[in-house]
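Below, each chain spelled out in residue letters.
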Amino acid sequence: MTTQQAKPALQTGQMSAVAIADNFSDLHPPFSTLQAMAESNRCLYCYDAPCVTACPTSIDIPSFIRKISTGNPDGAAKTILSANIMGGTCARACPTEVLCEQACVRNVAEDEAVEIGSLQRYAVDHLMARNLPHPFKRAEATGKKIAVIGAGPAGLSCAHRAAMLGHDVTVFEAKPKPGGLNEYGLAAYKMTNDFAQREVEFLLGIGGITIEYGKALGRDIALADVKSSFDAVFVGVGLGATNNLGLAGEAASGVDDAIDFIENLRQASDKSTLPVGNSVVVIGGGNTAIDAAVQAKRLGADEVTLVYRRGPEHMSATEFEQELAKINGVIVRYWAKPVEIKANGRLMGMVFEKTALDASGKLVGTGETFEVKTDQVLKAIGQKIKTDDLAGMEISGGKIVVDDTYQTTAPGIFAGGDCIKSGEDLTVQSVEDGKCAAIAIDAFLKTA
Amino acid sequence: MADLSCKIAGIDSLNPFWLASAPPTDKKYNVVRAFQAGWGGVVWKTLGIDPPVVNVSSRYGAHHDQNRRLLGINNIELISDRPLALNLQEIRECRAEWPDHVIIGSMMAPIEERAWKDLAQQIAESGVHGIELNLGCPHGMCERGMGSAIGQVPEMVEQVTRWVKEAVDIPVFTKLTPNITNILWSAEAALKGGADAVSLINTVNSIISVDLDQMVPEPMVDGKGTHGGYCGSAVKPIALNMVAEIARTPETRALEISGIGGITTWKDAAEFMALGANAVQVCTAAMIYGFRVVDDLIDGMSQWMDDQGYSSVDQFTRKAVPQVANWNELNMNFDTKAVIDPDKCIECGRCHIACEDTSHQAIAMNAKPEGGKEFVVIDEECVGCNLCYHICPVPDCITMEPVKTDKPYMTWPQHPLNPMRDAAE
Ligand SMILES: Cc1cc2nc3c(=O)[nH]c(=O)nc-3n(C[C@H](O)[C@H](O)[C@H](O)COP(=O)(O)OP(=O)(O)OC[C@H]3O[C@@H](n4cnc5c(N)ncnc54)[C@H](O)[C@@H]3O)c2cc1C
Ligand SMILES: Cc1cc2nc3c(=O)[nH]c(=O)nc-3n(C[C@H](O)[C@H](O)[C@H](O)COP(=O)(O)O)c2cc1C
Ligand code: SF4
Ligand code: SF4
Ligand code: SF4
């Protein structure tokens, strides 16, 4: 490690701008043409391929890979985008190790899946770099108007498919920029540069979509008004609130939400000016916790400790993500829960109690405690829906209830993405929800 | 270790692997490097009458697989473009420096007796072990009345072979072109003319690809392209058949054969020899990988011979010839079925869709209760076509197993469903 000197809390400039730029460049560098050729030729062009079944958006993977291998990367990109308009983000952010690549038949005999994600990125990047006209055409205008709340993956995917089906779409977005967590949440070394914005621009190329920024449902606009001015509504607001530890001193300076930390990092024009703790503690066991820990480390934190209340096998972070934390030097401690925040004007440390499973399998504290000195705590213990602006829709288990056509209990109002319970809370699932909801809305409008 | 030495047309060779007449044997520099690498002999790049020909720029086209591996190349080169005297001088030097290695002089001339005889004599005087008559080149030279223009007319094949036999007293190899309807006609002509052996095949006439941006066949010479000679592993099946036809036909089987065409591995070489070649020649494989490929040819063949218990090459030369039959001699009562080993299957589904769409709907794809799929051959539907067996990406996962039967050997001429069945049966 670099230095033993005591340092004041939350400082900047612990790492050179060059080192930081390097730390936040592509985690998986893009394929060269040679790599794409070699890798695409590893694909067996399976029939009824298991990788397709494992993709939440059912991209025709063998077909797109074959197109790459025959020298038709733009055709490959269209195959991808016709199933998943955010194929570019998904190629970067999907945990392929538990999705398509986990199902690839090349694992069986060789333990080495075809690198579907990297091939997908190669194809989509190739098409987008050419600045060709938008690859999809809109159907004849239906004269119907659809409102979409939230310009995240779910909302934008819904908007794109609805526009393609001939409807006119208005998107209301609370923030000043579109993209949702693509823009504000995904790890900076997965989504480098301004890709999230370029992808939105590309997607809007279909036409027929207007986005109104700074328009939050519940704050600036009312659901009843939206409902009366549009033929159908899609709600894709994601999970706007975070869980609390429920400990005294949680408001102390230095105790932050991991997603706020990541949002700041993603939006900073110069990451080397960002403050970061000397000894950072991250609490949680999901991918957000891993992302926060790794990014804190890559920003120059001396020591990052990730504390999770159960064992590695219980973490929702994938094995690959857990490995990533370890190779980035994150110290991981299992079976401990936070019980006390030590603050004296500013954050000093955090006390944890060891945990175990009791005879009935319930997680309990053992009474044994330990303290970790820290000047920054990042909470990544889950997000939840912000319910106050969704009056009229039934919420259950912290998610909006929908039927199998993505319709909420409020007729004509549909929902998708993280705010409903479909599959995992992943970008790719949100894109699928948005696409399917648009198709369901189209059918709804035809019969309405 | 097995003894790889062999004899063809009375010439002893350290091993059956010679470089064919082409760029790899164009000059002393290459030939020395080839002998150092272990090649048993070379057929010198075809010599013609001075002044030497002039070649064009951009000469080779390529047939790649999707991994950019070359399956074949085609070329529009002509014969040696160096002065005859220089070539003959270098041949003399190589013969003196490498006395145990074979050098054959390849030649071509216009269809005049004097021209063939004079050139053959000059080449023989340089000390070569034998002469090969290039009657095959399918581009350029044929437009000048040479190469395949001669090789495609059996009477001319016989004529030039006889002229050269009369002019020299060393073995003569007549090199045949595959660009004909029946290889037996030119083989028989060579035999009648007195050839000690035939070499085959020369390159296959071809257009290998088209540049779709410029709309020009490749290789491209200033905006135009022409047909050229195709060679490399893609032509092996064509060559193998021609070799086998000559070896199994009573009228031609006396000919010794120098097998050529797509030989890339020791296995290819062994197959040529099993089907009738007394020795083989290689061009494209050396052009793609360099002279060092001979190491695999030598090592692979000796290893295989040791495993099979062959101590010399003549123990397997022509051993497969008796088993080459006409279709009408095949047993209609033989039946073989695909068998899938579920433990090896990786569930790619390729066998199913191949059989389902294009063969006999004989492979069922079933969901397994525990997840995944199983692929099962429906014996009653399987006709034993081998398609799935060839398609399966996993070695030995699908095997073809003969069905035990009490039925007698029955050919089509004997078959009850044959309306033309021999009355005598
Ligand atoms: C830190 C982090 C890292 C992640 N990493 C990955 C990853 O690597 N791979 C992966 O697949 N998934 C990842 N995810 C999950 C993924 O980002 C989400 O599943 C996905 O973004 C959900 O899309 P969405 O459209 O439902 O919601 P969001 O992306 O949250 O978008 C919701 C949009 O609605 C807007 N909005 C909210 N409320 C209102 C309102 N009242 N009125 C108007 N607009 C509103 C928001 O501003 C936002 O633009 C990660 C999530 C987090 C938090
Ligand atoms: C570039 C090139 C030039 C050739 N020139 C000659 C030649 O001058 N004389 C000749 O008899 N054959 C010539 N050939 C044909 C080869 O000797 C050989 O018959 C043919 O390539 C098939 O063998 P292969 O598949 O191992 O290459 C040439 C082939 C190539 C590729
Ligand atoms: S399972 Fe693997 S090999 Fe088969 S089609 Fe999908 S990526 Fe290709
Ligand atoms: S051998 Fe032919 S018919 Fe039989 S299962 Fe295979 S593909 Fe089908
Ligand atoms: S081709 Fe081979 S590996 Fe693929 S499903 Fe058939 S038997 Fe299994």
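Definitions and limits used
- Residues numbered from 1 in each chain as written.
- Chains lettered and ligands numbered in written order.
- Predicted model: local features only at pLDDT ≥ 70, side-chain atom pairs only at ≥ 80, totals over all residues.
- Heavy atoms only, no water.
- Helix = DSSP H or I, 4+ residues; strand = E, 2+ residues; numbered from the N terminus.
- Rg over C-alpha atoms; globule rule 2.2 N^0.38 Å.
- Buried < 20%, exposed > 50% of the residue type's maximum accessible area, 1.4 Å probe, protein only.
- Contact = heavy atoms within 4.5 Å.
- Areas by Shrake-Rupley, 256 points an atom, 1.4 Å probe, with all protein chains shown as cover.
- Lys, Arg positive; Asp, Glu negative; His and termini not counted.
- Charge placed at Lys NZ, Arg CZ, Asp CG, Glu CD.
- pLDDT = per-residue confidence, 0-100.
- Pairing = 2+ DSSP bridges.
- Axes fitted to C-alpha atoms, helices over the stretch in contact; angles between N-to-C directions.
- Phe/Tyr/Trp six-rings, centres within 6.5 Å; stacked < 30°, edge-to-face > 60°.
- Buried area = accessible area lost by both parts, 1.4 Å probe.
- Salt bridge = Lys/Arg side-chain N within 4 Å of Asp/Glu carboxyl O.
- Polar contact = N/O pair within 3.5 Å; in protein donor to acceptor, adjacent residues only side chain to side chain.
- Nonpolar A, V, L, I, M, F, W, Y, C, P; charged D, E, K, R; others polar.
- Near = heavy atom within 4 Å.

*Asks:* Teacher, can you tell me more about the overall build of chain B here?
*Replies:* Tallying secondary structure elements over chain B gives 12 helices and 20 strands in all. At 24 Å, chain B has a C-alpha radius of gyration in line with the 22 Å of a compact globule built from 425 residues. C-alpha extents for chain B along the principal axes are approximately 80 × 60 × 45 Å. Counting the 425 residues in chain B, one finds 51% classified as buried. Taking all contacts inside chain B whose residues are at least 6 apart in sequence as the whole, residues at least 24 apart take part in 70%. Just so you have it, chain B exposes about 19800 Å², and 51% of that area is on carbon and sulfur atoms. Taken together, the 34 basic and 55 acidic charged side chains of chain B have centroids lying 3 Å from each other.

*Asks:* I keep staring at the confidence of the model for chain A and nothing clicks. Help me out?
*Replies:* Low pLDDT means the predicted coordinates in that region are not meant to be read closely. A residue-level look at chain A finds 97% of positions with pLDDT of 70 or above and a mean pLDDT of 93. Here residues 1-7 of chain A is modelled with pLDDT under 50, and outside its nearest four sequence neighbours on either side it reaches 7 contacts, counting other chains as well.

*Asks:* How should the sheet that holds strand E6 (residues 255-257) of chain A be read in this particular structure?
*Replies:* By definition, the strands of a sheet pair up through backbone hydrogen bonds, in either a parallel or an antiparallel sense. Residue and element names in this part refer to chain A. Here we have 5 strands laid out as an open sheet, ordered E6-E13-E7-E8-E9, and parallel in their pairing. Strands at the two margins of the open sheet, each flanked by one partner only, are E6 and strand E9 (331-333). Neighbour to neighbour, the strand axes of the sheet diverge by 20 degrees on average, direction disregarded. Pairing between strand E8 (residues 303-307) and E9: 3 bridges, direction parallel. When the bridges of E9 are listed, Thr305 appears paired with Ile331. The strands touched by helix H14 (residues 258-267) are E6 and strand E13 (376-379); relative to E6, the strand with the most contacts, the crossing angle is about 75 degrees. Contacts from helix H15 (residues 287-299) reach strand E7 (279-283), E8 and E13, with the element oriented near 170 degrees to E8.

*Asks:* Explain unusual backbone geometry here, please?
*Replies:* Residue Pro51 of chain B is bonded to the preceding Asp50 of chain B through a cis peptide linkage, with omega at 0 degrees. The step from Glu218 of chain B to Pro219 of chain B runs through a cis peptide bond, and the omega angle for that step is 0 degrees. Along the chain, the position of Pro219 of chain B falls in the loop between strand E13 (216-218) and strand E14 (228-231). The phi angle at Tyr406 of chain A is positive, at roughly 70 degrees, despite the residue not being glycine. Summarising the element assignment, Tyr406 of chain A is placed in the loop between strand E16 (399-400) and strand E17 (413-415). Phi at Ser58 of chain B is positive, roughly 80 degrees, even though this residue is not glycine. We classify Ser58 of chain B as partly exposed; its relative accessible area is 32%.

*Asks:* Please clarify how the packing of aromatic side chains should be interpreted in this entry.
*Replies:* In this description, an aromatic ring pair is defined by two values, namely the gap between the centres and the angle between the planes. All names here are of chain A. This structure, assessed with the given rule, holds 10 aromatic pairs over all chains. When the ring of Phe414 is compared with that of Phe444, the centres are 5.4 Å apart and the planes differ by 75 degrees; the resulting orientation is edge-to-face. With a gap of 30 residues between them, Phe414 in strand E17 and Phe444 in helix H17 (residues 427-447) connect regions that are remote in the sequence. Judged by relative accessible area, which is 23%, Phe444 ranks as partly exposed.

*Asks:* Explanation requested: the interface of chain A and chain B in the structure shown.
*Replies:* Many analyses report the size of an interface as the accessible area lost when the parts associate. Contacts between the two partners involve 15 residues from chain A and, on the opposite side, 12 residues from chain B. For the pair chain A and chain B, the summed buried surface comes to about 1100 Å²; carbon and sulfur atoms form 56% of the total. Ranking the residues of chain A by area buried against chain B places Asn41, Leu44 and Tyr47 of chain A at the top, with a combined share of 49%. Here Lys373 of chain B ties to Asp48 of chain A by a salt bridge, and the two come within 3.4 Å at their closest N and O atoms. Along the contact surface separating chain A from chain B lie 6 residue pairs in polar contact (both at pLDDT 80 or more). The set of elements that each furnish at least two residues to the side of chain A that touches chain B consists of helix H2 (33-40), helix H4 (61-69) and helix H8 (106-110) of chain A. The residue makeup of the side of chain A that touches chain B, split by class, is 10 nonpolar, 3 polar and 2 charged.

*Asks:* Please clarify how the site of ligand 5 should be interpreted in this entry.
*Replies:* The local shell around ligand 5 holds 13 residues, among which Cys345, Cys348, Gly349, Cys351 and Cys392 of chain B are the closest. Residues belonging to the shell around ligand 5 are distributed by class as follows: 11 nonpolar, 1 polar and 1 charged.

*Asks:* Help me understand the site of ligand 4 in this model?
*Replies:* Lining the immediate environment of ligand 4, one finds 14 residues, of which Cys355, Cys382, Cys385, Asn386 and Cys388 of chain B sit closest. Its residues assigned to classes, the shell around ligand 4 shows 10 nonpolar, 4 polar and no charged.

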